Amino acid sequence: MASTGTPDPNSGWLSDEELAETRRRLPLLYVEAVPVRVDGLGRVTEVGTLLRANDGEFTRTLVSGRVLYGETVRDALFRHLEKDLGPMAFPLLPASPLPFTVAEYFPWPSESQFMDARQHAVSLAFVVPITGTCEPRQDALEVTWMRPSEAASESITSDMEGGRGALLRAALASVGVLP
């Protein structure tokens, strides 16, 4: 079929085969979010992590997912927060979200501290205040809320997949909770 110049409205969804082929050839853009609860002055009081079961192992992780073709970063961030935390999480997204860092994941050990065996990915990472009730969805078993010092502890961050423990620590440092 000839191209009409109009983007395919469903082109953000790839088949499993197309996604696997794309992952072999291109870095993919992701968003990641560190969910937090804040007090009335905007200080972080709690940090949320997701508990997931992967191949019989329990790991902690953050909210994350791909940005689809034609989707804004803001919309992708909101979609993944709702997908992982539930529709009643009520995240507070700023009008113009800016990441606290950019993480680069490689499918092999590299100078980057982040690894994803499936692909080369570039992730925009955000700290997002959550005001509602979280009910995990998709493959998350639970959302665990803890004090920032506990979340940044070795016992928690060492259970996080792909180097996300370092990302969590960087998030907490970016909001002044850690030195």
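Located above this text is the structure these notes cover.
Reading guide: rules and limits
- Along every chain, residues carry numbers that run from 1 in the direction the sequence is written.
- Local features in this predicted model are restricted to residues whose pLDDT is 70 or higher, and side-chain atom pairs enter the listing and the counts only when it is 80 or higher, whereas totals over whole chains, interfaces and linings include all residues.
- Side-chain metrics rest on all non-hydrogen atoms present in the structure, leaving aside hydrogens and water.
- Runs of E in the DSSP output that reach at least two residues are strands. Runs of H or I that reach at least four are helices, and both are numbered from the N terminus.
- Two things to know: the radius of gyration comes from C-alpha atoms, and the globule rule equals 2.2 Å times the number of residues to the power 0.38.
- Exposed residues in this analysis have more than 50% of their type's maximum accessible area, buried residues have under 20%, and partly exposed residues fall in between, with area computed by a 1.4 Å probe over protein chains only.
- Any helix carries an expected span of 1.5 Å times its number of residues minus one.
- Comment: arc refers to directions from the helix axis out to C-beta atoms.
- Working rule for contacts: check all heavy atoms of both residues, and any pair within 4.5 Å makes them a contact.
- Residues grouped as a nonpolar core are buried Ala, Val, Leu, Ile, Met, Phe, Trp, Tyr and Cys residues, joined through side-chain atoms within 4.5 Å.
- Salt bridges, as used here, are contacts in which a Lys or Arg side-chain nitrogen is within 4 Å of a carboxyl oxygen on Asp or Glu.
- Note on ring pairs: Phe, Tyr and Trp rings are taken, using the six-membered ring of Trp, and paired if centres are within 6.5 Å. Classes follow the plane angle, with under 30 degrees stacked, over 60 edge-to-face and the rest tilted.
- Placement of a charge over a ring requires the Lys NZ or Arg CZ to be within 6 Å of the ring centre, with the centre-to-atom vector within 35 degrees of the ring normal.

The number of helices and strands found in the protein chain is five helices and eight strands. Its helices and strands taken in sequence order, the protein chain reads α-β-β-β-β-α-β-β-β-β-α-α-α from the N to the C terminus. For the protein chain, the C-alpha radius of gyration of 17 Å lies close to 16 Å, the compact-globule estimate for 179 residues. By principal-axis analysis of the C-alpha atoms, the protein chain measures approximately 55 × 35 × 30 Å. Across the 179 residues in the protein chain, those meeting the buried criterion constitute 41%.

Under the 1.5 Å per step criterion, the end-to-end length of helix 2 (residues 73-85) is 18 Å for 13 residues, consistent within 8% with the ideal 18 Å. Among the residues making up helix 2, those that are buried are Ala-76, Leu-77, His-80, Leu-81, Asp-84 and Leu-85. Projected down its long axis, helix 2 shows its buried positions confined to an angular sector of 130°, all on one face. Close packing links the buried residues of helix 2 with strand 1 (28-38), strand 2 (44-54), strand 4 (63-66), strand 7 (121-129) and strand 8 (140-146). One or two steps after helix 2, the chain reaches Gly-86, where phi turns positive at roughly 100°.

Further remarks concern the nonpolar core. Val-34, Val-47, Leu-62, Tyr-105, Leu-167 and Leu-168 are the most contacted members of the largest nonpolar core, which totals 22 residues. Those residues within four positions of Leu-62 in sequence are excluded, and the remaining contacts are Ala-33, Val-34, Gly-48, Leu-50, Arg-52, Asp-84, Met-160, Arg-164, Leu-167 and Leu-168. By size, the runner-up hydrophobic cluster in this structure holds 18 residues, among which are Val-31, Val-67, Ala-89 and Leu-124.

Overall, the coordinates contain nine salt bridges when judged by the stated rule. The partner of Glu-32 in a salt bridge is Arg-164, and the shortest N-O contact between them spans 2.5 Å. Taken together, the residues Glu-32 in strand 1 and Arg-164 in helix 5 (residues 164-174) connect sequence positions 132 residues apart. Arg-164 shares its class with Glu-32; the two are buried. With a shortest N-O distance of 2.6 Å, Arg-118 and Asp-116 are connected by a salt bridge. According to the relative accessible area criterion, Arg-118 is partly exposed, its value standing at 47%. Under the relative-accessibility criterion, Asp-116 is labelled buried at 11%.

Considering the arrangement of structural elements, one finds Pro-99 in the loop between helix 2 and strand 5 (101-106). Look at Pro-99 and you get partly exposed, because its relative accessible area is 31%. Once residues within four sequence positions are removed from consideration, Pro-99 is found in contact with Leu-124, Ala-125 and Phe-126.

This paragraph deals with the packing of aromatic side chains. Following the criterion strictly, the structure yields two aromatic pairs and no others. On the basis of an interplanar angle of 45° and a centroid distance of 5.2 Å, the ring pair of Tyr-105 and Phe-114 is categorised as tilted. For the pair Tyr-105 and Phe-114, one class covers both residues: buried. Note on Phe-106 and Trp-108: the rings are 5.6 Å apart at their centroids and 35° apart in plane angle, and the pair reads as tilted. In this arrangement the basic side chain of Arg-37 is found over the ring face of Trp-145, its NZ or CZ atom lying 4.3 Å from the centre.

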